[in-house]
Structures are given as structure tokens and as C-alpha cells.
Amino acid sequence: MKIMNILLTGGAGYIGSHTALALLNAGHTPILLDNFSASDPKILTLLKAAAKKDILFYEGNVGNQTLIRQILKEHSVDVVMHFAAFKAVGESVKNPLAYYKNNVSEFVNLLSAMDAEKVRNLIFSSSCTVYGNPVRLPVSEDFSYGFNNPYGHTKVVCEQILESVCVSNKGWKVGKLRYFNPVGSHDSGYFGELPVGLPSNLMPYLDQVASGEVQKLYIFGGDYPTGDGTCIRDYVHISDLSEGHIASLEGLIKVGSHAVNLGTGIGYSVLEVVAEYERVTRKKIPYEIIGRRPGDVPAAFADPSMAFQVLGWKAKRSLGEMCLSSYSWRMQLPTLLSSCNLAPIGISPLE
Ligand SMILES: NC(=O)c1ccc[n+]([C@@H]2O[C@H](COP(=O)([O-])OP(=O)(O)OC[C@H]3O[C@@H](n4cnc5c(N)ncnc54)[C@H](O)[C@@H]3O)[C@@H](O)[C@H]2O)c1
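Residues numbered from 1 in each chain as written. Predicted model: local features only at pLDDT ≥ 70, side-chain atom pairs only at ≥ 80, totals over all residues. Heavy atoms only, no water.

Q: For this particular structure, what's the right way to read empty space enclosed by the protein?
A: The probe, sized like a water molecule, is rolled over the atoms to show the empty space still left. As enumerated under the stated definition, the model contains 1 cavity of 30 Å³ or more in all. Its volume calculated, the largest cavity comes out at about 120 Å³. Lining of the largest cavity is provided by 14 residues; of these, Glu193, Met203, Pro204, Asp207 and Ser326 occupy positions nearest its centre. Mapped by element, the contributors of at least two residues to the lining of the largest cavity are strand E7 (181-183), helix H7 (202-210) and helix H11 (319-339). Grouping the constituent residues of the lining of the largest cavity by class yields 7 nonpolar, 4 polar and 3 charged. (1 Å grid on protein atoms, 1.4 Å probe; cavity = no way out; pocket = protein on both sides within 12 Å on 5 of 7 lines; lining within 4 Å. Points joined across faces, edges and corners; volume = space filled by probe spheres on them. Helix = DSSP H or I, 4+ residues; strand = E, 2+ residues; numbered from the N terminus. Nonpolar A, V, L, I, M, F, W, Y, C, P; charged D, E, K, R; others polar.)

In C-alpha cells form, the structure reads like this:
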């Protein structure tokens, strides 16, 4: 495969930074852009340490067309992977305008800058939220769009914008990757998610409880129409997910535009994840079930067969591996930070 220069917007975030490592591993050149609105600049030092090389980075807003055009030109960018967005469902319910501005308006600016520079290859971080509350399970790509919250709506709108853009100019090639629930850390053990503020996802929250930073896990809702009353999700290992981006990159060239689910096809309830986490880490996780969180759907898991048919991609890692990699990374993070001469991370004010 041709070696490519790839701009990763939101490259300092969880999925972007892991994908940067996967791209380096595959011989490509990642160029990262981030405004640190939802990430910690320390991640760059950790990323360079894990990659054992320098990494091109720009601090800035994805909607800054002048900056984007400059980067696209200067680095002869072949493909843009667009990760930069806000992603907390609950926050989007409270502050929808911030979500429409950041996830939609800034995205339109990015597309305009790409179009002006004739860089028309894009891999877009979409989400299973584009299916809303699915009518049946598992969820496949032919389901119609739906949304349950402003965050999900922004993903639907972005996908629809991309459809119009592709119709307007056949030169556009777009990979829409509908992630289910990415968790865990890099296989090397030397890189993982750097939590910022209050975790809104289950796994970083479990890590905080296991490490003793917070006393217990609050589970949102125990009265959903599921086996044990807690929400069911399809958790996918971050290394599988970043490999999905490499497959999508190859897919853009071989098959052109595509829209695929990236999930394992297996749904686990929150309580099942807690049990598996306790089993593999041998840590007791105290928890309390509280009220439902606005915007959450009871259950979602993928039919991942399309990603295999179109891209040859399939998730390989188990839930136990996901839990263990997440926990191990969290345990060794203080040592890694100090070996890189970085200040320790603060404890989130959860309780
Ligand atoms: N993590 C998940 O569970 C999940 C699931 C489905 C889809 N997604 C999507 O995947 C993408 C990446 O998610 P993530 O988990 O890595 O999130 P993240 O918050 O860890 O990373 C997003 C990064 O984008 C940056 N960013 C946000 N707005 C920006 C802007 N206007 N300009 C420049 N940088 C900006 C943030 O600082 C952050 O570093 C997002 O689009 C998200 O909606 C995530």
C-alpha cells in the first residue's frame, strides 16, 4: 500500500492518538491537530515516548480554514481522519448549541478547506448513535437514521452532509466508521487514554474505582428492559478500532466510499462488564444503581459483518482483554508520567 500523509483532527484524543500509533506502525505519516478542548497536552509526550519518535502536531481549531489549508498544502495530505468532536451524550442534552457548533459547523469548515485544496479523502468518526433507539438488534448499516440526543443528531447531520458532498463531486471518497463502544489501551502497555475531568464512559470510570481514586461506580439506570435492567453495549478494543481505520484507509483506495459498523457483535450489560472487570483485575468494584441518564438507549450492539465483507476487518480482542488493558494502563500511568517528567493527573471531583 502507498505510504500516505494523514491529517488526524482531534489527534490528541483517545481514538485519534491510538490511531496515530497504528498509522505509524503501518508506515504512514500522521499529522495531528487538536485544540485540547477535551484532552491534555501531556498525551503528546506519552505518545512520542510510545512511538519512540517525534510526531507532527498543530495546536488549533478544526474549523480554522486558513490553518487547515496550510497543513493540507505543507504536508501534501492524502487523507483526513476527522476525530475532533465533543462526545458526551448527557452534556449534549444540557448544552446542545455547543455540540452543533463544534461537531457540525466546524466540520463544515473543515470540508470547505479540504474541498478548496482538492483533498477529498475523508474517514469520519461516526457512531452507533446514528441508529437512535434501534428497532431490533443487532444493528446493521441498512437501518434508517435516528437519534436520541443532540450528540447523536450531530453525527446524523454530518453523515448526511457527507452524502450531499459525495453527490456534488465524484472525487470525494468517504469512510464513515460507526464506532460502538471503544475501550481499553494500546497493546504495548505503554499508551492509553489520559482521562480529562469527569469520565462519561464506563471503562475509565471503572479504572478510577479500581485505583481507589473514587469510592464507587454509579450505574445509570437499573430498570431498562434488558436481562439485568442495566444498559447493553457493544464494547470494542481500541486496538481493534484503530486497526479498523487502517482497513478503512485501504478500503478508500480499493472500494471507495463506505459506511460500516465497527463493533464486535456482542452486547454486554453494565453489570456483566463490572463482573468481567472484577474477574480479570481481581479488584472489587463497589457500585450503586441510580436513575437513568438522559439520552441513553437501553441496548445497542452491532452486526459487524459488513465491515468484514467490505474492509476485511473483524474485532479480535475479548472483553476480558479490554478490561485488563484499561486497568493495567491506569495502574502504570503515574510511573510513566513521572518517567516522562510530567506532573501527575488530577483526580476528578466525582464524589
Ligand atoms: N469514544 C467513544 O466512545 C466514541 C464512540 C463513537 C464515536 N466517537 C467519536 O469518535 C471521535 C473521537 O472520539 P474520542 O473518544 O477520541 O474523543 P476525545 O474527546 O478523546 O477526542 C476528541 C479530540 O478532539 C479534540 N477537539 C474537539 N473539538 C475540537 C476542535 N473544534 N478543534 C480541534 N480539536 C478538537 C479534543 O480536544 C479531543 O482531543 C469523536 O468524533 C467521537 O464523537 C467516540
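Q: Looking at this model, I keep getting lost on the sheet that holds strand E11 (residues 258-262). Mind explaining?
A: Two pairing modes exist for strands in a sheet, parallel and antiparallel, and in both the strands are linked by backbone hydrogen bonds. Across the sheet, which stays open at both edges, the 7 strands sit in the order E3-E2-E1-E4-E5-E6-E11 with parallel pairing between neighbours. At either end of the open sheet lies a strand with only one pairing partner, and these are strand E3 (56-59) and E11. Averaged over all pairs of adjacent strands, the angle between their axes in this sheet comes to 20°, without regard to strand direction. Note that strand E1 (residues 5-9) and strand E2 (residues 29-34) share 5 bridges and pair parallel. In the sheet register, Asn5 faces E2, and the bridge partner there is Thr29. (Pairing = 2+ DSSP bridges. Axes fitted to C-alpha atoms, helices over the stretch in contact; angles between N-to-C directions.)

Q: In this structure, what is going on with the packing of aromatic side chains? I would like to understand it.
A: Here the distance between the centres and the angle between the planes together describe a pair of aromatic rings. Counted according to the given criterion, the structure contains 6 aromatic pairs. A centroid spacing of 5.2 Å and a plane angle of 35° characterise the contact between Phe107 and Phe124, whose relative ring orientation is tilted. Highlighted residues: Phe107 in helix H5 (residues 96-116) and Phe124 in strand E5 (residues 121-127), separated in sequence by 17 residues. Side by side, Phe107 and Phe124 carry an identical accessibility label, which is buried. Considering the side-chain rings of Phe191 and Trp329, the 6.2 Å spacing of their centres and the 45° angle between planes classify their relative orientation as tilted. Here the residue Phe191 occupies a position in the loop between E7 and H7, and Trp329 occupies one in helix H11, the gap between them amounting to 138 residues. (Phe/Tyr/Trp six-rings, centres within 6.5 Å; stacked < 30°, edge-to-face > 60°. Buried < 20%, exposed > 50% of the residue type's maximum accessible area, 1.4 Å probe, protein only.)

Q: Quick question: what am I supposed to make of the site of the ligand here?
A: Neighbouring the ligand are 28 residues, the closest being Asp34, Ser39, Lys87, Asn102 and Tyr151. In the model, an oxygen atom of the ligand is placed 2.9 Å from a nitrogen or oxygen of the Tyr14 main chain. In the complex, the protein chains occlude 96% of the 820 Å² of accessible area that the ligand would expose alone. Of all the elements in the fold, those that place two or more residues in the shell around the ligand are helix H1 (14-25), E5 and helix H6 (150-168). Counting residues per element, the shell around the ligand draws most heavily on E5, which supplies 3 residues. (Near = heavy atom within 4 Å. Polar contact = N/O pair within 3.5 Å; in protein donor to acceptor, adjacent residues only side chain to side chain. Areas by Shrake-Rupley, 256 points an atom, 1.4 Å probe, with all protein chains shown as cover.)

Q: Would you mind showing me how to read the nonpolar core here?
A: A general tendency of soluble globular proteins is for nonpolar side chains to be buried together. Among the nonpolar cores identified, the biggest contains 45 residues, and Ile6, Leu8, Leu46, Met81, Leu249 and Leu262 are the most heavily contacted of them. Among the elements that take part in this core, H1 stands out by supplying 7 residues, more than any other. Setting aside chain neighbours within four positions, we find Leu46 in contact with Phe191, Leu194, Trp329, Leu333, Leu336, Leu337, Cys340 and Leu342. In this structure, Ile31, Tyr58, Leu72 and Leu111 belong to the second largest nonpolar core, which totals 27 residues. (Core = buried A, V, L, I, M, F, W, Y, C linked by side-chain atoms within 4.5 Å. Contact = heavy atoms within 4.5 Å.)

Q: Just to check I follow, could you spell out the environment of Val93 for this structure?
A: Relative to the helices and strands, Val93 is located in helix H4 (residues 89-94). Remark: the alpha-carbon pair of Val93 and Tyr151, spanning 58 residues in sequence, is separated by 7.7 Å.

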